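# Residue-level structural notes
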Amino acid sequence: LTSRSKDKRMGQIFDIFVDHGAPEEILYEQKPHIGTDILRDVIKNMREEIEGLGGTYHFSEKFLDFELEEGKVSKIITDKKEYEADAYILALGNSARDTFRILDGHGLLESKPFAVGFRIEHLRKDIELAQFGMNSDKLPGATYQLNVTDKDFNHSVYTFCMCPGGYVVNSSSIEGQVCVNGMSYHDRDGDNSNSAVVATIDEKIYGQGNLAGMDFQNEIEKKAYEMGGGKAPVQRLGDFMEGRITEELGKVKPTFIPGYVFADLNQIYPKSINEAIKNALKVMDKRVKGFASDDAILTGVETRTSSPVRIVRENYRTEKYKNLYPIGEGAGYSGGIISSALDGIKCAIEILEGDKSC
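About the criteria used
- Residues numbered from 1 in each chain as written.
- Predicted model: local features only at pLDDT ≥ 70, side-chain atom pairs only at ≥ 80, totals over all residues.
- Heavy atoms only, no water.
- Buried < 20%, exposed > 50% of the residue type's maximum accessible area, 1.4 Å probe, protein only.
- Helix = DSSP H or I, 4+ residues; strand = E, 2+ residues; numbered from the N terminus.
- Arc of directions from axis to C-beta.
- Contact = heavy atoms within 4.5 Å.
- 1 Å grid on protein atoms, 1.4 Å probe; cavity = no way out; pocket = protein on both sides within 12 Å on 5 of 7 lines; lining within 4 Å.
- Points joined across faces, edges and corners; volume = space filled by probe spheres on them.
- Nonpolar A, V, L, I, M, F, W, Y, C, P; charged D, E, K, R; others polar.
- Phe/Tyr/Trp six-rings, centres within 6.5 Å; stacked < 30°, edge-to-face > 60°.
- Polar contact = N/O pair within 3.5 Å; in protein donor to acceptor, adjacent residues only side chain to side chain.
- Axes fitted to C-alpha atoms, helices over the stretch in contact; angles between N-to-C directions.
- Parallel < 35°, antiparallel > 145°, perpendicular 65-115°, else oblique.
- Left-handed = near helix turned anticlockwise from the far one by under 90°.
- Salt bridge = Lys/Arg side-chain N within 4 Å of Asp/Glu carboxyl O.
- Pairing = 2+ DSSP bridges.

## Here we look at helix α3 (residues 97–105)
Because each turn of an α-helix spans 3.6 residues, side chains separated by three or four positions in sequence point in the same direction. All of the buried residues in α3 are R97, T99, F100 and L103. Each buried residue of α3 sits inside an arc of 150 degrees when the element is viewed along its axis, so together they form one side. On its buried face, α3 is in contact with β1 (63–69), β4 (88–91), β5 (109–111), α6 (212–228) and β15 (309–311). Just past α3, the residue G107 takes up positive phi, approximately 70 degrees.

Here you go:
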């Protein structure tokens, strides 16, 4: 539950989590963590309270388009029915690619830089030893946050979404494509720790056009799927550095449960991305001892670090349709759980205190 924001309303977000079943220590820990196992119940409890207050959820219902009248959205259309309201909030995930195409047809999008790369896994005990100087069950899971900017490369490389004692998981949403993410359970007691190690990219890599970044993601995820035959392509870090396909694992075993295939990950991204990541790994190894060890595991591909588009807005409203409010990660204005929640709170205030004619 990390965020760089200093907004005081963040405390309200943590209180809401605790009120719905999250552990109380998130209120005072420097690096608060709920865990996927507990978060599932927390979200269910939130939904049930909203339903008790009169809210309604429509699951397995696909947004198709909206109708317009006098410069405003008059109704939204799904594959099951139509809905009319005074205000419409688009709280999209950054995998809502069919919706992005619809919104682009209305002239609401622009492309946005993001980052791509891999998941990197080490033994949890090795990261703890590097960060704490010791191993102990009494210490919290060791974390790190690393970034490297080199004038010789056009990419900044950084780690994020660090998961102590966690797992690399499938986050694909389109048939015939592979992309991965990371997660930890509350106890963070898995054998491995992982994070994304990614390089920033912009239109110099993915080209011109509002959906060019999204199309680049699709291309990379298809390539990873084909390389792995539907499984995730993995490679020992030492082999990645030398450009050879891994033949045998070392002390670190991949945690990707659907299965993996040995591959040369250098064949997925443009050369400049590979070289920037390789250079950064060497620098990161000086900051966290063993980070670039030969036996570390890279799993491909991490492509959905943030949204490849931004829905243009002003005061939380789209510039074209004044009662349409795009928020959150998919809209291009947040990068995680807390920043997305904060964006939602600010949007709600804007609707409540804004133009009453909306």
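## Side note on the layout of surface pockets
If you add up the space inside the second largest pocket, you get close to 510 Å³. Around the second largest pocket, the lining comprises 21 residues; the ones closest to its centre are L139, P140, G141, A142 and R188. The residue makeup of the lining of the second largest pocket, split by class, is four nonpolar, eight polar and nine charged.

## So, the packing of aromatic side chains
The final tally for this structure, using the stated rule, is ten aromatic pairs. Here the aromatic rings of F114 and Y206 are separated by 5.7 Å at their centres, their planes lie at 15 degrees, and the arrangement is stacked. Residue F114 is found in strand β6 (residues 114–123), and its partner Y206 is found in helix α5 (residues 203–206); the two are separated by 92 residues along the sequence. Residue Y206 is classed as buried on the basis of its relative accessible area of 10%. By the ring-pair criterion, three or more aromatic residues cluster together here, those being F63, F66 and Y321.

## As for the side chain of N266
Its location among the elements puts N266 in the loop between β13 (260–262) and α8 (271–287). Assessed through its relative accessible area of 13%, N266 is described here as buried. A distance of 2.7 Å separates the side chain of N266 from the side chain of D264, its partner in a polar contact. Within the structure, N266 has its side chain in polar contact with the side chain of K278 (distance 2.9 Å). Look past the residues within four positions of N266 in its chain and what remains in contact with it is Q235, F240, G243, N274 and K278.

## Details of the packing of α3 against α6
Two quantities define a packed helix pair, namely the angle between the helix axes and the distance between the axes. Here α3 crosses α6 at 155 degrees, and the two axes come no closer than 11 Å. Of the possible angle classes, the one that applies to α3 and α6 is roughly antiparallel. Crossing geometry of α3 relative to α6 is assigned as left-handed. Only M214, D215, Q217, N218 and E221 of α6 make contact with α3, whose side of the interface consists of R97, F100 and R101. Along the lines of polarity and charge, the residues of the contact of α3 with α6 split into two nonpolar, two polar and four charged.

## Looking at the pattern of salt bridges
In this structure the tally under the stated criterion is 20 salt bridges. For D343, the salt bridge goes to R313, with nearest N and O atoms at 3.0 Å. With D343 in helix α9 (residues 337–353) and R313 in strand β16 (residues 313–314), this residue pair connects regions lying 30 residues apart in the sequence. Judged by relative accessible area, R313 falls into the buried class, the value being 17%. Note that E350 is salt-bridged to R317, the shortest N-O span being 3.9 Å. Placement of the pair is E350 in helix α9 and R317 in strand β17 (residues 317–318), with a sequence separation of 33 residues. On the basis of relative accessible area, E350 is assigned to the partly exposed category, the value being 22%.

## Notes on the environment of E175
The residue E175 is located in the loop between β9 (167–170) and β10 (180–183) in this model. Judged by relative accessible area, which is 80%, E175 ranks as exposed. Each C-alpha atom, one on E175 and one on F160, is 26 Å from the other, the two residues being 15 residues apart in sequence.

## Quick notes on the sheet that holds strand β12 (residues 232–236)
One open sheet holds the seven strands; their spatial order is β7-β8-β11-β6-β14-β12-β13, and the pairing between them is mixed. Because the sheet does not close on itself, it has two edges, and the strands there are β7 (147–149) and β13. Within this sheet the neighbouring strands show an average axis-to-axis angle of 30 degrees, counted without direction. Sitting on the sheet, helix α4 (residues 124–132) touches β6 and β11 (192–201), and the angle it makes with β6 is about 95 degrees.

## Quick notes on the pairing of β12
Side-chain positions along a regular strand alternate between the two faces of the sheet. Along β12, five of the five residues are buried, which leaves the element largely enclosed by surrounding structure. On β12, burial covers both faces: A232, V234 and R236 on one face and P233 and Q235 on the other are all buried. Judged from the three bridges that link them, β12 and β13 form a sheet pairing that is parallel. Residue pairing in the sheet places P233 in a bridge with V261 of β13. Bridge analysis of β12 against strand β14 (residues 297–302) gives three bridges, and the strand direction is antiparallel. Among the inter-strand pairings, Q235 is bridged to a residue of β14, identified as L298.

## Quick look at the sheet that holds strand β3 (residues 82–83)
Pairing is antiparallel in the open sheet, where three strands are placed in the order β1-β2-β3. Because the sheet does not close on itself, it has two edges, and the strands there are β1 and β3. Inspection of the sheet shows strand β2 (residues 72–78) paired to β3 by two bridges, in the antiparallel sense. Pairing of I76 across the sheet is with Y83, part of β3.

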